[in-house]
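Breakdown of the fold
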Amino acid sequence: MAVTSVVLLTLVAVPLSALVLTVLRASSDAIVRAATDPRTLAACALSFGASAAAAFLCAPLGLAVAWSLARWDFPGRRVLDALIDIPFALPTSVSGIALTALCAPTGWVGACFVPLGIDLAFTRVGIVIALLFTGLPFVVRTVQPVIEDLPRDVEEAAASLGASPAQAFRRVLLPSVLPALMTGTTLAFARSLGEYGSVVFIAGNMPMRTEVAPLRVLAHLENYDYVSAAVVAVEMLVASAGLLLAVNLVQRRLVHRGTSNA
Amino acid sequence: MSIEAVGVSKSYGAHPVLRDVSLKVDDGGLVALLGPSGSGKTSLLRVLAGLEAPDAGRVVFGGRDVSRHGVADRGVGFVFQHYALFREMTVFENVAFGLRVKPRAVRPSEERLRRKVHELLGLVQLESMANRYPSQLSGGQRQRVALARALAVEPAVLLLDEPFGALDTKVRRQLRSWLRTLHDELHVTTLIVTHDQEEALELADRVILMNDGRIEQQGSPTELYEAPATAFVAEFLGDVNVIEGTVEGDGALAVGRWRVPLLDAAPGSRVRVALRTADLELLVAEDDDACATISRVADLGEKIQFEATVDGGPTVRVHLARRALLTLERGARVTIEARVQRVYPA
């Protein structure tokens, strides 16, 4: 308990309060200017939008991947299982460069989309792709153990009662997996909000269009404009904390229905 | 509806679990599939249910070949050893599940569904638990919910896989007689898998004894107990001592100093004799006539278990009625008499 408090305090609370203090010490004029700068607002909107889009895509994709890994034994399953963790282990800038090379109009994947008139790299689509890449393992790794723990006979029971595979999935399996799926998706979303390394290369960083919020923070820092940097950071902090809280509340209600009530 | 398996075989990899099994359960019967673990009884049940596909053979329900039907289309009620209840649903919703997933055209109205579920909960005596979650129930209650859930879709046959295996002895006994009563009311053709011979003998009209992927013998409990067809059956049912040896010139089997007269065994042949603990008698004897010494006495409650160590031979277990306790003590010299014996070629 004491250890937890000390760690939380030094690693989380102190830096965050320093951030808030920096903002509080600044003139209100500077704060308002930094907070309402259209370029910053656009960047924040993009960060949230792209992160949300990536998280929503991560959820079904991650569920499908986790399901396949947990329930089917196919050749190469172990290799695939190990590959899932690559985005965790890879320095984000490396994945950023790799993804950019892949998705650029000359890259293997990007080239396939050129005839369709779709540009992957240096657009918002590219940002979502990068966030999908970094977010997916969060969903897979939180959901997979839950699926592995689900007893097989529950599926068989549903089938023996006449349920189609779709009905069994929706009515029996999904409710069991949902809390973990929400946790994983939230983690992926939170990670995406702050993602910098893997995004900056593929995004192209065009002001007002493909510039993400963390890049704004960095830009301000490079200009020694610590107040503006802190303001953007606090904006992100408040918004994401509010969002995480909301997700947590929803999730708690879900879990409550299933277990503590049960 | 009658259940039939015709020449069913199945293996997992190189390991065969069912070898050309054929059986028939008559309409309305209650049959137990009995056998040691690994004998293939659960695999057979799962093949009949459609949860497992056999490598060869057919499954026939009421004269109709259902081999190609999946579990959802066979109209079976399946009860699992570990209940397999839906933990995010209340007891009511668990039982209602099979009705709710029916195609719209045949799905009952909400009101009829409620009536039906409450009727079933009444049948399994859990009406007051309708709004609880499975985790709030005891093991016995959970298994009753599982049974009500299986019965809700009015299955043509009921298949139970070690349904009482995870429960303690007392609850098992209660549920056993309750299941028997329920069957007498509903007359659903029922096949129950168990490794507990007492359960099989008490519950079923007919017992099918399996061993190593084959049916060893089938018949009424009395037939199996009184006339075991093979050494395996004789040794599996009841509490049995097995002695092996060569028949001597006078037709008796000598085990150390103990001579077991055999009724008709060819002298010189190797035999395996199954002697039930309850079919043996101990008589106090003088030193010269005695052939064994009581080495251990254990009070089992309804009966007393004596272990008699034959001079120069094995230790034999004998079960005697309670009153015997007074006269026989540890160290007493005795002779052993076998009232019933079953002789098989070794």
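None of these values were measured; they are calculated from a predicted model.

1. Considerations on the interface of chain A and chain B
Taken together, the contact between chain A and chain B spans 21 residues of the former and 24 residues of the latter. A combined buried area of about 2000 Å² lies between chain A and chain B, and 62% of that area is made up of carbon and sulfur atoms. Looking only at chain A, the three residues that lose the most surface to chain B are Ser 160, Leu 161 and Arg 171 of chain A, adding up to 31% of its buried area. The interface formed by chain A and chain B includes 1 salt bridge. Here Arg 46 of chain B and Glu 156 of chain A are joined by a salt bridge, their closest N and O atoms 2.5 Å apart. Scanning the region where chain A abuts chain B turns up 3 residue pairs in polar contact (both at pLDDT 80 or more). For the side of chain A that touches chain B, the secondary-structure elements that each account for two or more residues are helix H9 (152-160), helix H10 (165-194) and helix H13 (226-260) of chain A. Considering each element in turn, the side of chain A that touches chain B owes the most residues, 7 residues, to H9 of chain A. Looking at the side of chain A that touches chain B residue by residue, the class counts come to 10 nonpolar, 7 polar and 4 charged.

2. Brief notes about the sheet that holds strand S20 (residues 342-345) of chain B
Residues and elements named next belong to chain B. Strand order across the open sheet formed by 3 strands is S11-S14-S20, with antiparallel pairing between neighbours. The strands lining the two open edges of the sheet, one partner per strand, are strand S11 (240-246) and S20. Sheet twist, expressed as the average angle between the axes of neighbouring strands with direction ignored, equals 25 degrees.

3. Quick look at the pairing of strand S12 (residues 252-255) of chain B
All names here are of chain B. By the bridge criterion, 4 bridges tie S12 to strand S13 (residues 258-261) in an arrangement that is antiparallel. In the strand pairing of S13, Ala 252 is matched with Pro 261. Taking the residues that link successive antiparallel strands as the turn, the S12-S13 hairpin has 2 residues, and the phi of Gly 256 there is positive, at about 60 degrees.

4. Things to note about the side chain of Ser 43 of chain B
Residue and element names in this part refer to chain B. Mapped onto the secondary structure, Ser 43 falls in helix H1 (residues 41-49). Judged by its relative accessible area of 12%, Ser 43 falls in the buried class. Excluding residues within four positions of it along the chain, Ser 43 makes contact with Tyr 12, Val 17 and Leu 18.

5. As for the confidence of the model for chain A
Detailed reading of the predicted coordinates is not advisable wherever pLDDT is low. When pLDDT is averaged across chain A, the result is 86; 97% of the residues are at 70 or more. The low-confidence segment residues 258-262 of chain A (pLDDT under 50) makes 11 contacts with residues lying over four places distant or belonging to another chain.

6. Overview of the environment of Ser 109 of chain B
All names here are of chain B. By secondary structure assignment, the location of Ser 109 is in the loop between helix H2 (91-100) and helix H3 (110-123). We classify Ser 109 as partly exposed; its relative accessible area is 39%. In the structure, Ser 109 is positioned 10 residues away from Leu 99 in sequence and 9.6 Å away in space, judged by C-alpha atoms.

7. Here we look at the sheet that holds strand S15 (residues 280-284) of chain B
Residue and element names in this part refer to chain B. Taken in spatial order, the 5 strands of this open sheet run S15-S19-S16-S17-S18, and their pairing is antiparallel. Taken across any chain shown, the strands that pair with only one partner, and hence form the sheet edges, are S15 and strand S18 (315-321). Pairwise comparison of adjacent strand axes, ignoring direction, gives a mean angle of 40 degrees for this sheet. Pairing between strand S16 (residues 292-299) and strand S17 (residues 303-310): 7 bridges, direction antiparallel. Bridge assignment links Asp 299 to a residue of S17, and that residue is Ile 304.

8. Some details on the side chain of Gln 305 of chain B
Along the chain, the position of Gln 305 of chain B falls in strand S17. Sequence-distant contacts of Gln 305 of chain B, that is, excluding residues within four places in its chain, are made with Arg 296, Val 297, Ala 298, Leu 300, Arg 317, Val 318 and His 319 of chain B.

9. Points about helix H5 (residues 169-186) of chain B
Residue and element names in this part refer to chain B. With 18 residues, H5 extends 25 Å between its outermost C-alpha atoms, agreeing within 8% with the 26 Å of an ideal straight helix rising 1.5 Å per residue. Within H5, the full set of buried residues consists of Arg 172, Leu 175, Arg 176, Trp 178, Leu 179, Leu 182 and His 183. At its buried positions, H5 is contacted by strand S3 (30-34), H3, helix H4 (139-152), strand S8 (189-194) and helix H6 (197-203). His 187, located one to two residues past H5, shows a positive phi value of around 55 degrees.

10. Thoughts on the packing of aromatic side chains
Scanning all chains against the criterion turns up 6 aromatic pairs over all chains. Between Phe 48 of chain A and Phe 189 of chain A, the ring centres sit 6.3 Å apart and the planes meet at 45 degrees, which makes this aromatic pair tilted. Of this pair, Phe 48 of chain A sits in helix H3 (residues 38-71) while Phe 189 of chain A is found in helix H10, placing the two residues 141 residues apart along the sequence. Taking the relative accessible area as the measure of exposure, Phe 48 of chain A reaches 19% and is therefore buried. Using a relative accessible area of 8% as the deciding quantity, one classes Phe 189 of chain A as buried. With centroids separated by 5.7 Å and ring planes inclined at 20 degrees, the aromatic side chains of Phe 232 of chain B and Phe 236 of chain B adopt a geometry described as stacked.

11. Considering the pattern of salt bridges
All names here are of chain B. This structure, assessed with the given rule, holds 39 salt bridges over all chains. Among the ionic pairs, Asp 212 bridges to Arg 19, the shortest N-O distance being 3.4 Å. In this pair, Asp 212 sits in the loop between strand S9 (206-211) and strand S10 (214-219) while Arg 19 sits in strand S2 (residues 15-25), placing the two residues 193 residues apart along the sequence. Residue Arg 19 is classed as partly exposed on the basis of its relative accessible area, which comes to 28%. With a shortest N-O distance of 3.9 Å, Arg 257 and Asp 311 are connected by a salt bridge. In this pair, Arg 257 is assigned in the loop between S12 and S13 and Asp 311 in the loop between S17 and S18, connecting sequence segments 54 residues apart. Under the relative-accessibility criterion, Arg 257 is labelled partly exposed at 44%. Judged by relative accessible area, which is 21%, Asp 311 ranks as partly exposed.

The rules behind these values
- Each chain carries its own residue numbering, running from 1 in the direction its sequence is written.
- Chains carry letters and ligands carry numbers; both start at the beginning, A for chains and 1 for ligands, and go up in the order they are written.
- Since the coordinates come from a predicted model, pLDDT governs what is reported: local features require at least 70, and pairs of side-chain atoms require 80 or more to be given and counted, while whole-chain, interface and lining totals use all residues.
- With hydrogens and water stripped out, all remaining heavy atoms of the structure feed into the side-chain values.
- Residue contacts are defined here by distance: any two heavy atoms, one from each residue, within 4.5 Å place the two residues in contact.
- Buried area is understood as the total, over both parts, of accessible area removed when two parts are fitted together, assessed with a 1.4 Å probe.
- One side-chain nitrogen of Lys or Arg within 4 Å of one carboxyl oxygen of Asp or Glu is enough to make a salt bridge.
- Polar contacts, as counted here, are pairs of nitrogen or oxygen atoms within 3.5 Å of one another; within protein the pair requires one atom able to donate a hydrogen and one able to accept it, and residues that are adjacent in sequence qualify only if both atoms are side-chain atoms.
- Under the scheme used here, helices are H or I runs from DSSP no shorter than 4 residues and strands are E runs no shorter than 2 residues, and both carry numbers assigned from the N terminus.
- Note on residue classes: Ala, Val, Leu, Ile, Met, Phe, Trp, Tyr, Cys and Pro are nonpolar, Asp, Glu, Lys and Arg are charged, and everything else, Gly too, is polar.
- Strands were regarded as paired on the criterion that DSSP finds at least two bridges between them.
- Axis lines are fitted through C-alpha atoms, for helices just across the contact stretch, and the angle between N-to-C directions can take any value from 0 to 180 degrees.
- Exposed residues in this analysis have more than 50% of their type's maximum accessible area, buried residues have under 20%, and partly exposed residues fall in between, with area computed by a 1.4 Å probe over protein chains only.
- Every residue carries a pLDDT, the predictor's confidence in it, which falls somewhere between 0 and 100.
- An expected span of 1.5 Å times one less than the residue number is assigned to each helix.
- Put simply, two rings from Phe, Tyr or Trp (the six-membered ring, in Trp's case) pair if the centres are within 6.5 Å, and we call them stacked under 30 degrees between planes, edge-to-face over 60, tilted for the rest.

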